[in-house]
Amino acid sequence: MVKRRVHVAAAAIISADSREVLLARRPSNVDQGGLWEFPGGKLAPYETGLEALKRELHEELGVEIRRAQPLIRIHHEYADKHVLLDVWQVHDFAGEPFGREGQAVRWVPMEELHSYPFPAANLPILRAVMLPTEYLISAEEDDEDVFLERLERAMREDGVRLVQLRAKTLDEDAYVARAEKALAMCRRFGARLMLNGEPFLLERVEADGIHLTSERLMSLERRPISEEKWLAASTHDQAQLTQAHRIGCDFVTLSPLRTTPSHPEVAPIGWHDFQQLVEHAGMPVFALGGMTRHDANHARAVGAQGIASIRDFWK
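Presented here is an overview of the structure given in this document. Residue numbers here run from 1 along each chain, matching the order of that chain's written sequence. In keeping with the model being predicted, local features are shown solely for residues with a pLDDT of at least 70 and side-chain atom pairs are shown and tallied solely at 80 or more, while totals for entire chains, interfaces and linings include all residues. Side-chain metrics in this entry use all non-hydrogen atoms of the structure; hydrogen atoms and water are not considered.

## Comments concerning unusual backbone geometry
The general pattern is negative phi for most residues beyond glycine and trans for most peptide bonds. A cis amide bond links serine 255 with the next residue in sequence, proline 256, at an omega value of -5 degrees. Tracing the backbone through its elements, the reader meets proline 256 in the loop between strand E13 (251-254) and helix H7 (270-279). Phi is positive for serine 18, which is not a glycine, with a value near 65 degrees. Even without being glycine, tyrosine 46 reaches a positive phi, approximately 70 degrees. Where helices and strands are cited, they refer to DSSP runs of H or I of at least four residues and of E of at least two residues respectively, numbered from the N terminus. Along the polypeptide, tyrosine 46 turns up in the loop between strand E4 (40-42) and helix H1 (49-61).

So this is what it looks like as structure tokens:
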């Protein structure tokens, strides 16, 4: 049976303080009625995703989009159809949203999103909405004071809110000691801390999740930590992206986008192939490898969650 293909534009409308997102409830008389979703609708013939989104939000919510940016594209297989969700993050709009078609709409705090029932195709959008667009990977630092000074500067001055603690030169006890200090600092700034290492480290440090190496990722048969923590991984090709999706990673880095001084022998992916890989990743993907803040908008335009970097954030 050939499945029908449905292309849907959806909006992640974030409040001005970035603490809430607007949800709409599907009418009870339609497919998956009663579930909550990110508002939007099907594309009409010859419409682009953004054109459809502007029309749908005006018809459904009575608002006019002023500024929006691609967030994530999700391909999802249902029993009877293939759905492509073309999701945009709306940064600015005019009007006060309300249910023009009688549907319930509600501003929901970010931390409460997981308590709402969504269609299965919407679940990766939750991760993208809750993740920032910048992912700092810490550099190897022997001096503890220098490490803490640079970490604090990145969060205080640059607004970094997602940190991966990478310290391959430290033994386990030294890594745990540094992680405890990094976690305390992250909590001060409302940032999330990912540990780069084995999943059992979460038994010693109450961090927000684990970031797996690509080698560790490929050795796993199933998700190694609970759904309450974030699971991320380093990926470099389609096989690793497929494995990350299979075991339930919440997000990944994909590298190297460009040739880097640390790995000059590795061929870069380039923007074209990066976009092709991200299109079917099924989860948020951070572009890594020679990335700077100047690349952020380009990365978002080709489907990335944002950029990950050591050198550009670790000044």
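## A closer look at the pattern of salt bridges
Opposite charge on two side chains permits them to pair, given that their charged atoms come into close proximity. What counts as a salt bridge is simple: a side-chain nitrogen of Lys or Arg found within 4 Å of a carboxyl oxygen of Asp or Glu. One pass over the structure, following the stated rule, counts 25 salt bridges. Residue arginine 26 pairs with glutamate 37 through a salt bridge whose shortest N-O separation is 2.9 Å. Within this pair, whereas arginine 26 is found in the loop between strand E2 (20-25) and strand E3 (36-37), its partner glutamate 37 is found in strand E3, the two being separated by 11 residues in sequence. For arginine 26, a relative accessible area of 22% puts it in the partly exposed group. For each residue, the accessible area found with a 1.4 Å probe, counting protein chains only, is set against the maximum for its type, and the residue is called buried under 20%, exposed over 50%, and partly exposed in between. With a relative accessible area of 17%, glutamate 37 lands in the buried category. Each of Glu47, Arg55, Glu56 and Glu59 takes part in a single network of salt bridges with overlapping partners.

## A closer look at the packing of aromatic side chains
The criterion for an aromatic pair is that two Phe, Tyr or Trp rings (for Trp, the six-membered ring) have centres within 6.5 Å, with stacked assigned to planes under 30 degrees apart, edge-to-face to planes over 60 apart and tilted to the rest. Counted by the stated rule, this structure contains eight aromatic pairs. With 5.7 Å between their ring centres and 75 degrees between their planes, phenylalanine 251 and phenylalanine 286 make a pair best called edge-to-face. Taken together, the residues span a long stretch of sequence, with phenylalanine 251 in strand E13 and phenylalanine 286 in strand E14 (residues 285-288) at a distance of 35 residues. The residues phenylalanine 251 and phenylalanine 286 share a single accessibility class, namely buried. Taken together, the aromatic side chains of Tyr135, Trp230, Phe251 and Phe286 make up a single cluster linked through ring pairs. Cation over ring: lysine 81 sits above tyrosine 78, and NZ or CZ is 5.6 Å from the ring centre. Sitting over the face of the ring of phenylalanine 147, arginine 178 holds its NZ or CZ atom 4.5 Å from the ring centroid. Charge-over-ring placement is defined geometrically: NZ (Lys) or CZ (Arg) within 6 Å of the ring centre, and within 35 degrees of the ring normal.

## Quick word on the side chain of glutamine 103
Note on placement: glutamine 103 falls in the loop between strand E6 (81-94) and strand E7 (105-109). For glutamine 103, a relative accessible area of 12% puts it in the buried group. Distance and chemistry together define a polar contact, namely a pair of N or O atoms within 3.5 Å, with one atom able to donate a hydrogen and the other to accept it when in protein, and with adjacent residues in sequence counting only for side-chain atoms on both sides. Of note is the side chain of glutamine 103, whose polar atom sits 3.1 Å from the backbone oxygen of glutamate 60. At 3.0 Å, the side chain of glutamine 103 and the backbone nitrogen of glutamate 101 are in polar contact. Any pair of residues with heavy atoms lying within 4.5 Å of one another is described as a contacting pair. Ignoring anything within four residues of it in the chain, the contact list for glutamine 103 reads Ala24, Arg25, Glu60 and Leu61.

## Side note on the packing of helix H3 (residues 144-156) against helix H4 (residues 172-189)
Think of two packed helices as two axes; the pair is described by the angle between the axes and how far apart they sit. For the pair H3 and H4, the least separation of the axes is 10 Å and the interaxial angle reads 20 degrees. As summarised for this structure, H3 and H4 are arranged roughly parallel, according to the angle between their axes. Here H3 runs over H4; the crossing is right-handed. Contacts from Glu144, Phe147, Leu148, Leu151, Glu152, Met155 and Arg156 in H3 reach Arg178, Lys181, Ala182, Met185, Cys186, Arg188 and Phe189 in H4. In the scheme used here, Gly and all other residues not listed as nonpolar or charged are polar, with Ala, Val, Leu, Ile, Met, Phe, Trp, Tyr, Cys and Pro taken as nonpolar and Asp, Glu, Lys and Arg as charged. Among the residues making up the contact of H3 with H4, the classes are represented as eight nonpolar, no polar and six charged. Angular values range over 0 to 180 degrees, each being the angle between N-to-C directions of two axes fitted as lines to C-alpha atoms, with helices fitted over their stretch in contact. Roughly parallel here means an angle under 35 degrees, roughly antiparallel means over 145, roughly perpendicular means 65 to 115, and every remaining angle is called oblique. In this scheme the crossing of two helices becomes right-handed for a clockwise turn of the near helix relative to the far one and left-handed for an anticlockwise turn of less than a right angle.

## Description of the layout of surface pockets
In this analysis the probe radius is 1.4 Å and the grid spacing 1 Å, with only protein atoms considered; a cavity is a set of points the probe fits into but cannot get out of, a pocket is an open set with protein on both sides within 12 Å along at least five of seven lines, and lining residues have an atom within 4 Å of a point. Grid points are joined across faces, edges and corners, and a volume is the space filled by probe spheres set on the points. In this structure, the largest pocket occupies an estimated 1,000 Å³ of space. Around the largest pocket, the lining comprises 34 residues; the ones closest to its centre are Val129, Met130, Leu131, Arg192 and Trp230. Looking at the lining of the largest pocket, the elements with two or more residues in it are helix H2 (123-130) and H4. At six residues, the largest contribution of residues to the lining of the largest pocket is made by H2.

## Digging into the pairing of E2
Side-chain positions along a regular strand alternate between the two faces of the sheet. A strand pair is defined by DSSP finding two or more bridges across the two strands. Pairing geometry for E2 and E7, over five bridges, is antiparallel. Paired with leucine 22 across the two strands is tryptophan 107, which belongs to E7. Where E2 lies against E3, two bridges are found, and the strand directions are antiparallel. Each bridged residue has a counterpart across the sheet, and for alanine 24 the counterpart in E3 is glutamate 37.

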